[in-house]
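Chain by chain, the residues:
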Amino acid sequence: MTDRVTHNVQSKRLKKRYQAEKRFKFFGIAAIFSAAAILLILLGGLTFMSIPAFTHHYVTLDISIPETTLSNDQITDAEAIRKVNWRGKVRKSLRNEFPDVTDRRGKRAIGGLLSVGAGDVLRDRVINNPSIIGSTVSLALPLSDDIDLLLKGLIDRSQPEDNRVISDRELSFIDHLEASGRIERRIAWFLFTSGDSREAEMAGLRSAFVGTLLTMLVTLLFSFPLGVMAAIYLEEIAPKNRLTDIIEVNINNLAAVPSIVFGLLGLAVFINFFHLPRSAPLVGGMVLALMTLPTIIIATRAALAAVPPSIREAALGIGASPMQVIFHHVLPLAMPGILTGTIIGLAQAAGETAPLLMIGMMAFIVDTPLWIDDKATVLPAQIYMWANNPERAFQAKTAAGIICLMVFLLFMNALAIYLRKKYEKRW
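Here is what the cut-offs are and how they apply
- Residues numbered from 1 in each chain as written.
- Predicted model: local features only at pLDDT ≥ 70, side-chain atom pairs only at ≥ 80, totals over all residues.
- Heavy atoms only, no water.
- Pairing = 2+ DSSP bridges.
- Helix = DSSP H or I, 4+ residues; strand = E, 2+ residues; numbered from the N terminus.
- Axes fitted to C-alpha atoms, helices over the stretch in contact; angles between N-to-C directions.
- Contact = heavy atoms within 4.5 Å.
- Core = buried A, V, L, I, M, F, W, Y, C linked by side-chain atoms within 4.5 Å.
- Buried < 20%, exposed > 50% of the residue type's maximum accessible area, 1.4 Å probe, protein only.
- Lys, Arg positive; Asp, Glu negative; His and termini not counted.
- Salt bridge = Lys/Arg side-chain N within 4 Å of Asp/Glu carboxyl O.
- Phe/Tyr/Trp six-rings, centres within 6.5 Å; stacked < 30°, edge-to-face > 60°.
- Lys NZ or Arg CZ within 6 Å of the ring centre and 35° of its normal.
- Patch = residues over 30% accessible without salt bridge, like charges linked within 9 Å, V, L, I, M, F, W, Y side chains within 5 Å.
- Areas by Shrake-Rupley, 256 points an atom, 1.4 Å probe, with all protein chains shown as cover.

### Describing the sheet that holds strand E1 (residues 55-64)
Now for step 1: Spatial strand order, E2-E1-E3: three strands in an open sheet with antiparallel pairing. Lying at the two open borders of the sheet, with one neighbouring strand each, are strand E2 (136-142) and strand E3 (183-187). Strand after strand, the sheet turns through a mean of 40° between neighbouring axes, direction not considered.
Now for step 2: Looking at chain direction, E1 and E3 are connected through five bridges and run antiparallel. Residue pairing for E3: valine 59 is matched across the bridge by isoleucine 183.
Now for step 3: Along the sheet face, helix H5 (residues 118-128) touches E1 and E2 and points at about 140° away from the line of E2.

### Considerations on the nonpolar core
Now for step 1: The biggest cluster of nonpolar side chains holds 50 residues, and the ones touching the most others in it are Ile63, Ile65 and Leu141.
Now for step 2: Per-element tally for this core: the top contributor is helix H17 (residues 393-423), with five residues.
Now for step 3: Residues contacting leucine 141, with those up to four places away along its chain left out, are His57, Tyr58, Val59, Leu61, Ile63, Val90, Leu114, Ala118 and Val121.
Now for step 4: Judged by nonpolar contacts, the second largest core, of 29 residues, contains Leu214, Phe262, Leu346 and Ala416.

### Considerations on the side chain of aspartate 145
Now for step 1: Examined against the element boundaries, aspartate 145 turns out to sit in helix H6 (residues 145-151).
Now for step 2: For the buried aspartate 145, which has no salt bridge, the nearest side chain bearing the opposite charge is lysine 397, at an N-O separation of 9.4 Å.
Now for step 3: Once residues within four sequence positions are removed from consideration, aspartate 145 is found in contact with Ala200, Glu201, Glu391 and Ala393.

### Some points on unusual backbone geometry
Now for step 1: Unlike most non-glycine residues, histidine 275 shows phi in positive territory, near 60°.
Now for step 2: Take histidine 275: it is sitting in the loop between helix H11 (259-271) and helix H12 (281-305).
Now for step 3: Its identity is not glycine, yet serine 279 carries a phi of approximately 60°, on the positive side.
Now for step 4: Within the element layout of this structure, serine 279 appears in the loop between H11 and H12.
Now for step 5: Judged by its relative accessible area of 7%, serine 279 falls in the buried class.

### Focus on the packing of aromatic side chains
Now for step 1: Using the criterion set out here, one finds six aromatic pairs in the structure.
Now for step 2: With centroids separated by 4.9 Å and ring planes inclined at 55°, the aromatic side chains of phenylalanine 98 and phenylalanine 173 adopt a geometry described as tilted. Of the two residues, phenylalanine 98 is situated in the loop between helix H3 (86-95) and helix H4 (104-111) and phenylalanine 173 in helix H7 (residues 168-179); the sequence distance between them amounts to 75 residues. Both residues of the pair, phenylalanine 98 and phenylalanine 173, count as buried.
Now for step 3: Note on phenylalanine 273 and phenylalanine 274: the rings are 5.0 Å apart at their centroids and 90° apart in plane angle, and the pair reads as edge-to-face.
Now for step 4: On the basis of relative accessibility, which here comes to 59%, the residue phenylalanine 273 falls in the exposed class.
Now for step 5: Seen from the ring of tyrosine 58, arginine 186 lies directly overhead, with NZ or CZ sitting 5.7 Å from the centre.

### A short note on a nonpolar patch on the surface
Now for step 1: Nonpolar side chains collect at one region of the surface, where Leu217, Leu221, Phe222, Leu226 and Met229 lie side by side and expose about 480 Å² of accessible area between them.
Now for step 2: The topology assignment puts phenylalanine 222 in helix H9 (residues 206-237).
Now for step 3: Exposure remark for phenylalanine 222: the relative accessible area of 35% places this residue in the partly exposed category.

### A short note on the pattern of salt bridges
Any two side chains of opposite charge can pair, given that their charged atoms come close.
Now for step 1: Overall, the coordinates contain 13 salt bridges when judged by the stated rule.
Now for step 2: Between aspartate 124 and arginine 123 there is a salt bridge whose closest N-O contact spans 3.1 Å.
Now for step 3: Among the residues examined, aspartate 124 registers a relative accessible area of 35% and is labelled partly exposed.
Now for step 4: Note that arginine 164 and aspartate 168 form a salt bridge whose closest N and O atoms lie 2.5 Å from each other.

By themselves these figures say nothing about function.
Below, the structure written as structure tokens:
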């Protein structure tokens, strides 16, 4: 009788345990699917919003460039070529498509169909190939952002004229150009090859992307050697006493300090005290290096501690010095973890905006920076500035910038995983 009761009690307990395990498994799977669904919604929404930014509508015009535009001496002079009113020439070519329009308001409306950067396209074509002067060239020119949005269906042409930014007369001009086959949709390469611009159709990410790379280069050069050397000293060399305990606690605390505090530190020390250039990748990289140092130190110490003590003992046993043990045996084996922590720290720094706000890297930068002391901005700052722009076309630009930044961060994280898998050692 007692055995039967004991068996029943054990069966009930075993049943409850299995039920608890099933519930835990269900909650775990539900959490994973919920996180995946949220991520898909986020990525799907951003991707859908960014699609219009990756293409743009162009109008193909036959543009006559008279020989009198430039003298023989000016043909090879880029500065002289830039001074020519190319914008007026492309607008005149477009007006030639509508010979019946003779009033000033109509001509102005026709010229407004083109982007303000259309003249720059013709100018660059002449600079690259001066031999076209004196001939007629067929050139695809970008339309304005409002016309582009209309052709993409993002502006409802069925609305009353007072409720849209494009007049009925401009709609008739567009319909005429479409009917003549002069309008086509192309990939918006200027999104990747141009710098920032006040005009949405000409704004690009090139200067911000180069600024991000230069800033990350400075961050890596400062944070990696300092972080690894500090971690080696604390983990392998420093005696275990109250001083080192205080240092370790402060390093862990620095990893949780808000990033804007590092921006204030950079503003006070690097710019106001040392008078380093403002809005430059040099200062931005140094600020982000300060922010990244705790992450690299903690990751490096964890990687060093993961190396089995037998490696150290074996090296000491064959006569290696303590420094040889560290640099010839322990450090190479810990390098996969060190590289992983470093890349993750750099990826985190690449997505920061607050510390760079304090040192002026939120500026409007058109030219691409060539070195670390040039004026520059970074991708997160560029996205932030586009998000605050009231023009509708910048909404898609903002989403496209976020997609590009996420691809950059995913690449860095994938690189960290690859390096860990490639160089990881199993004992």
